[in-house]
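# Descriptive structure summary
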Amino acid sequence: PSCRKESRVAAPTPVAAFGVGDEVYALWGHRWYPGVVDEVLEDGYEIAWDEEDASNEIPAARVRARVPVQPVPAPTNTPEPPAAPGTDASA
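This structure is a prediction, so every number in the text was calculated from the model and none was measured.

Criteria and cut-off values
- All residue numbers here refer to positions counted from 1 along the written sequence of the relevant chain.
- A pLDDT threshold of at least 70 governs which residues receive local features in this predicted model, and a stricter bar of 80 or more applies before side-chain atom pairs are shown or counted, although totals over entire chains, interfaces and linings include all residues.
- The side-chain quantities take in all heavy atoms of the structure and omit both hydrogens and water.
- What makes a nonpolar core is a set of buried Ala, Val, Leu, Ile, Met, Phe, Trp, Tyr and Cys residues whose side-chain atoms join them at distances within 4.5 Å.
- Classification of residues uses two cut-offs on accessible area relative to the type maximum, computed with a 1.4 Å probe and protein chains only: under 20% is buried, over 50% is exposed, and between them is partly exposed.
- Secondary structure is summarised from DSSP: a helix means a run of H or I of at least four residues, a strand means a run of E of at least two, and numbering begins at the N terminus for each.
- Contact criterion: two residues are considered in contact whenever any of their non-hydrogen atoms come within 4.5 Å of each other.
- Each pair of strands is called paired provided DSSP finds at least two bridges between the two strands.
- Positive charges are assigned to Lys and Arg, negative charges to Asp and Glu, while His and the chain termini are left out of the count.
- Throughout this description, the term salt bridge denotes a Lys or Arg side-chain nitrogen within 4 Å of a carboxyl oxygen of Asp or Glu.
- The term polar contact refers here to a pair of N or O atoms within 3.5 Å; inside protein, the definition further demands a hydrogen-donor-capable atom paired with an acceptor-capable atom, and it admits residues adjacent in sequence only when both atoms are side-chain atoms.
- Each aromatic pair joins two rings of Phe, Tyr and Trp (for Trp, the six-membered one) with centres within 6.5 Å, and gets the label stacked for planes under 30 degrees apart, edge-to-face for over 60, and tilted for any other angle.
- As a reminder, the over-ring test applies to NZ of lysine and CZ of arginine, requiring each to be within 6 Å of the ring centre and within 35 degrees of the ring normal.

## Some points on the nonpolar core
If you look at the biggest cluster of nonpolar residues, it comprises 10 residues: Phe18, Val24, Ala26, Val37, Tyr45, Ile47, Trp49, Ile58, Ala60 and Val63. Within the residue set of this core, elements represented by two or more residues are β1 (23–28) and β3 (44–49). Among the elements that line this core, the one with the most residues is β3, at three residues. Not counting chain neighbours up to four residues away, the residues in contact with Trp49 comprise Ala26, Trp28, Tyr33, Pro34, Gly35, Ala54, Ser55, Asn56 and Ile58.

## Remarks on the pairing of strand β2 (residues 31–40)
As paired strands, β1 and β2 are joined by six bridges and run antiparallel to one another. Of the residues in β2, the one forming a bridge with Tyr25 is Pro34. The turn linking β1 back onto β2 is made up of two residues, and Gly29 within it adopts a positive phi angle of 75°. Both β2 and β3 contribute to a ladder of five bridges, which runs antiparallel. Its bridge partner lying in β3, Val36 is registered against Ala48. What sits between the antiparallel neighbours β2 and β3 is a turn of three residues.

## Regarding the side chain of Glu46
Position of Glu46 relative to the elements: it lies in strand β3. Here Glu46 occupies a buried position and makes no salt bridge, while the nearest side chain of opposite charge, Arg62, is found at 14 Å. For Glu46, the side chain forms a polar contact with the main-chain nitrogen of Asn56, separated by 3.4 Å. Residues contacting Glu46, with those up to four places away along its chain left out, are Val36, Val37, Asp38, Glu39, Leu41, Ser55, Asn56 and Glu57.

## Overview of the packing of aromatic side chains
Under the defined criterion, the tally for this structure stands at three aromatic pairs. Within the aromatic cluster, the residues linked to one another by ring pairs are Trp28, Tyr33 and Trp49. Directly above the aromatic system of Trp32 lies the positively charged group of Arg64, at a separation of 4.0 Å from the ring centroid.

## Here's the deal with the environment of Glu51
Counting through the fold element by element, Glu51 comes out in the loop between β3 and β4 (55–59). Each C-alpha atom, one on Glu51 and one on Pro34, is 8.0 Å from the other, the two residues being 17 residues apart in sequence.

If you want it as structure tokens, here you go:
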């Protein structure tokens, strides 16, 4: 028996909650696959796979959000317009 009052084991990572229709990645085997939550279960989700006509029950700890890719705006390297003749650009 342990006489420690506090556990030294790290607290479990909180699991995100998803709803039906949420786009997610689910860990199947050793790869993350894209899918959609088809059903919310007591301890996980029924995931409908994007690339197949199949679904599987996946534990909640093996499901993560599919973050939409945000396009990066192209840098704008437009030069300053030249100063009008007769004006002092250094002022």
